[in-house]
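Listed below, chain by chain, are the residues.
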Amino acid sequence: MPQTKPLARWTLAAALGLALHAGLVGAAPPQASVAKEPSVDQLKRLYLDCEHAAAQGVLPLSEAMRCSRTFEQLKARAFDGDYTRLHAWWQSTVRVGARDADQRTAVAPAAKP
């Protein structure tokens with residue numbers, strides 16, 4: 001299977017999810033929202049969780065829709081709608097995470113035989 005960029009893994013499913021969501025939302029009567037919006041930090045964590053899940057395999061449609069909404073909220077609220085800024089943040093986060101994982105592996109005690 002060819003390698004794909006993590007951000008592109010669920011793009012098609014997310015686009016489909018948005019299209020379906022837009023159709024469903026348009027038909028529903030407006031309702032007052034009682035749920036509290038997640039903070040930007042919570043959105044970042046949710047987004048990274050989505051990226052991790054997408055890296056493991058294909059997401060179910062409901063999960064892809066949730067991830068798509070998370071992506072759009074994060075992009076709008078944390079990065080002023082700028083995909084390039086969101087992508088730069090994601091890249092730096094992934095690099096730091098990989099570096100931290102490498103450091104944990106390097107200092108982990110050797111397993112006893």
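We now turn to the structure provided with this report. (Residues numbered from 1 in each chain as written. Predicted model: local features only at pLDDT ≥ 70, side-chain atom pairs only at ≥ 80, totals over all residues. Heavy atoms only, no water.)

1. Here we look at helix α2 (residues 40-56)
Between the first and last C-alpha of α2 there are 25 Å, a value that for 17 residues agrees with the 24 Å anticipated at 1.5 Å per step. Turning to α2, its buried residues are Leu-43, Tyr-47, Leu-48, Cys-50, Glu-51 and Ala-54. Taken end-on, α2 shows its buried residues confined to a sector of 155 degrees, consistent with a single buried face. Residues of α2 that are exposed and point over 90 degrees away from its buried face: Asp-41, His-52 and Gln-56. Just downstream of α2, Gly-57 is the residue with a positive phi angle, here 160 degrees. (Helix = DSSP H or I, 4+ residues; strand = E, 2+ residues; numbered from the N terminus. Expected span 1.5 Å × (residues − 1). Buried < 20%, exposed > 50% of the residue type's maximum accessible area, 1.4 Å probe, protein only. Arc of directions from axis to C-beta.)

2. Details of the packing of α2 against helix α3 (residues 61-79)
Any two packed helices are characterised by how steeply their axes cross, that is the angle between the axes, and by the distance between the axes. Running from amino to carboxyl end, α2 crosses α3 at an angle of 140 degrees, the nearest separation of the two axes being 9 Å. As the angle between them shows, α2 and α3 are arranged oblique. Relative to α3, the crossing made by α2 is left-handed. Counted together, Val-40, Leu-43, Lys-44, Leu-46, Tyr-47 and Cys-50 of α2 and Arg-66, Cys-67, Thr-70, Phe-71, Gln-73, Leu-74, Arg-77, Ala-78 and Phe-79 of α3 form the full contact between these two elements. Tallied by class, residues from the contact of α2 with α3 come to 10 nonpolar, 2 polar and 3 charged. (Axes fitted to C-alpha atoms, helices over the stretch in contact; angles between N-to-C directions. Parallel < 35°, antiparallel > 145°, perpendicular 65-115°, else oblique. Left-handed = near helix turned anticlockwise from the far one by under 90°. Contact = heavy atoms within 4.5 Å. Nonpolar A, V, L, I, M, F, W, Y, C, P; charged D, E, K, R; others polar.)

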